[in-house]
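A closer look at the structure
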Amino acid sequence: MPDFAIQTENLRKSFKENEVLKGVDLAVLRGEIFALLGSNGAGKTTTVNILSTLLKPNGGTASVCGFDVVRQAGRVRGSISLTGQFSAVDGMLTGRENIVLIAKLRGVPHPKKTAERSLERFGLTQAADCRADTYSGGMARRLDIAMSLVGDPAVIFLDEPTTGLDPEARLAVWETIKELAGGGVTILLTTQYLEEAEQLADRIAILHGGKIIANGTLEELKKLFPPAKIEYIEKQPTLEEVFLAIIGGEGQRQ
Ligand SMILES: Nc1ncnc2c1ncn2[C@@H]1O[C@H](COP(=O)(O)OP(=O)(O)O)[C@@H](O)[C@H]1O
Ligand SMILES: [Mg+2]
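Being a predicted model, the structure only gives us computed values, none of them experimental.

Time to look at the overall build of the chain. Helix and strand counts for the chain come out as 9 helices and 10 strands. Going through the 254 residues of the chain one by one, you find that 38% of them count as buried. Relative to all contacts within the chain whose residues are 6 or more apart in sequence, the contacts with residues 24 or more apart total 68%.

Before going further, it helps to spend a moment on the site of ligand 1. Within the structure, ligand 1 sits among Phe 15, Asn 18, Val 20, Gly 38, Asn 40, Gly 41, Ala 42, Gly 43, Lys 44, Thr 45 and Thr 46. Looking at the shell around ligand 1, the elements that each hand over two or more residues are β2 (18-29) and α1 (44-51). Considering every element that reaches the shell around ligand 1, the biggest residue donor is α1, with 3 residues. In the shell around ligand 1, the residues fall into 3 nonpolar, 7 polar and 1 charged.

Here the focus is helix α6 (residues 167-182). Every α-helical turn comprises 3.6 residues, leaving residues that sit three or four positions apart pointing alike. Its 16 residues place the ends of α6 23 Å apart at the C-alpha level, agreeing with the 22 Å of an ideal helix rising 1.5 Å per residue. Residues Glu 168, Ala 169, Arg 170, Ala 172, Val 173, Thr 176 and Ile 177 constitute the buried set of α6. Following α6 by one or two positions, Gly 184 adopts a phi angle in the positive range, close to 95 degrees.

Bringing the sheet that holds strand β9 (residues 203-208) into the picture now. Strand order in this open sheet of 6 strands is β6-β7-β8-β3-β9-β10, and the pairing throughout is mixed. Taken across any chain shown, the strands that pair with only one partner, and hence form the sheet edges, are β6 (80-83) and β10 (211-216). The mean angle between the axes of side-by-side strands here comes to 15 degrees, regardless of whether they run parallel or antiparallel. Examined bridge by bridge, β6 and strand β7 (residues 155-159) share 4 bridges and lie parallel to one another. If you follow Leu 82 over to β7, its bridge partner there is Phe 157. Running at roughly 155 degrees to β7, α1 makes contact with β3 (33-37), β7, β8 (186-191) and β9 of the sheet.

Now for the sheet that holds strand β1 (residues 4-15). Remark on secondary structure: sheet strands pair via backbone hydrogen bonds, oriented parallel or antiparallel. Strands sit in the order β2-β1-β4-β5 across an open sheet of 4 strands; the sheet is antiparallel. Bordering the open sheet on either side are β2 and β5 (67-68), each of which pairs with just one other strand.

With that settled, the discussion passes to the environment of Thr 186. Assignment of secondary structure puts Thr 186 in strand β8. Linking Thr 186 and Arg 30, residues 156 residues apart in sequence, is a C-alpha distance of 5.5 Å. Excluding residues within four positions of it along the chain, Thr 186 makes contact with Ala 5, Val 28, Arg 30, Gly 31, Glu 32, Ala 154 and Val 155.

Of all 5 residues that make up β7, 5 are buried, and the element is covered over most of its length. Of the two faces of β7, the one holding Val 155, Phe 157 and Asp 159 and the one holding Ile 156 and Leu 158 are both buried throughout. Sheet topology places β7 next to β8; 5 bridges connect them, and they run parallel. Note that in β8 the partner of Leu 158 across the bridge is Leu 189. Chirality of the crossover, the property in question, places the unit of β7, α6 and β8 among those that are right-handed.

Here we come to helix α3 (residues 95-105). Turning to α3, its buried residues number three or more, namely Gly 95, Arg 96, Asn 98, Ile 99, Val 100, Ile 102 and Ala 103. Next to the buried residues of α3 lie α4 (111-121) and α5 (137-149). One or two residues past the end of α3 sits Gly 107, with phi positive at roughly 70 degrees.

For any two helices packed against each other, one specifies the crossing angle of their axes together with the interaxial distance. Two elements in contact, α5 and α6, have axes separated by 8 Å at closest approach and are oriented at 20 degrees. When the axis of α5 is compared with that of α6, the two are roughly parallel. When you trace α5 past α6, the crossing you get is right-handed. Two secondary-structure elements touch here, α5 through Gly 137, Gly 138, Arg 141, Arg 142 and Ile 145 and α6 through Glu 168, Ala 169, Ala 172, Val 173 and Thr 176. Looking at the contact of α5 with α6 residue by residue, the classes come out as 4 nonpolar, 3 polar and 3 charged.

Cut-offs used in this document
Residues numbered from 1 in each chain as written. Chains lettered and ligands numbered in written order. Predicted model: local features only at pLDDT ≥ 70, side-chain atom pairs only at ≥ 80, totals over all residues. Helix = DSSP H or I, 4+ residues; strand = E, 2+ residues; numbered from the N terminus. Buried ≥ 20, exposed ≤ 12 C-beta atoms within 10 Å, placed from the backbone. Contact = placed C-beta atoms within 7 Å. Near = placed C-beta within 6 Å. Nonpolar A, V, L, I, M, F, W, Y, C, P; charged D, E, K, R; others polar. Expected span 1.5 Å × (residues − 1). Pairing = 2+ DSSP bridges. Axes fitted to C-alpha atoms, helices over the stretch in contact; angles between N-to-C directions. Right-handed = clockwise from strand over helix to strand, strands pointing away. Parallel < 35°, antiparallel > 145°, perpendicular 65-115°, else oblique. Left-handed = near helix turned anticlockwise from the far one by under 90°.

As structure tokens, then:
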């Protein structure tokens, strides 16, 4: 039997008359990066909030690491971390202080050592003792992700991890996410960007009209939409490629 880190069946959620989730079925394998793709207002955050026990569903079931999100909410919370759409970083504190604070809150044995290691892992050692409100968007997001990983959660939820970041910072966050998955954790990320799902995800589900309308690997999804017959193709670089070529990788990891 496959080893699912996250499973939902017929998950439903309404806000008054607004039926946002109309029966969502998801199955995320342990250790994979799974992208929940959907446009603004599709219900991505609602889904993540239910899975992370912040919201109660109106119907259906959901489990994380084998624990039911309603009946075993405490066990679920002990197994996950959530990086929301809006940063949890405290700008008045330094990067180091932010991580030490979280480590203490989570009862991690050696908060200072933990902070040191995680600052290094996320390329933030040099900026460790600067106030977080002086960080660039990309650095702040990396700090946010570093904080969410304190305590070694088995499942990580990243809700639109790169929305609002410039292309360089987005690439740096992508690298971070790829590294994380190499370490064996399960990642469910939400995104509005096709390219992000394409770059990062082992499998992708498209949430639309309150349901999962497509689900599979990128290759499987591509087969659903056979390309039109094209006689002659001149490959144009994407805007992102052009931008990055012009600035020449300068200030990477900023
Ligand atoms: N707490 C709430 N109260 C009422 N409506 C909400 C609430 N949260 C989300 N919604 C509505 O649910 C829909 C889906 O929202 P959301 O899950 O945030 O979408 P996404 O994250 O995909 O952009 C939207 O129409 C939004 O207005
Ligand atoms: Mg959202």
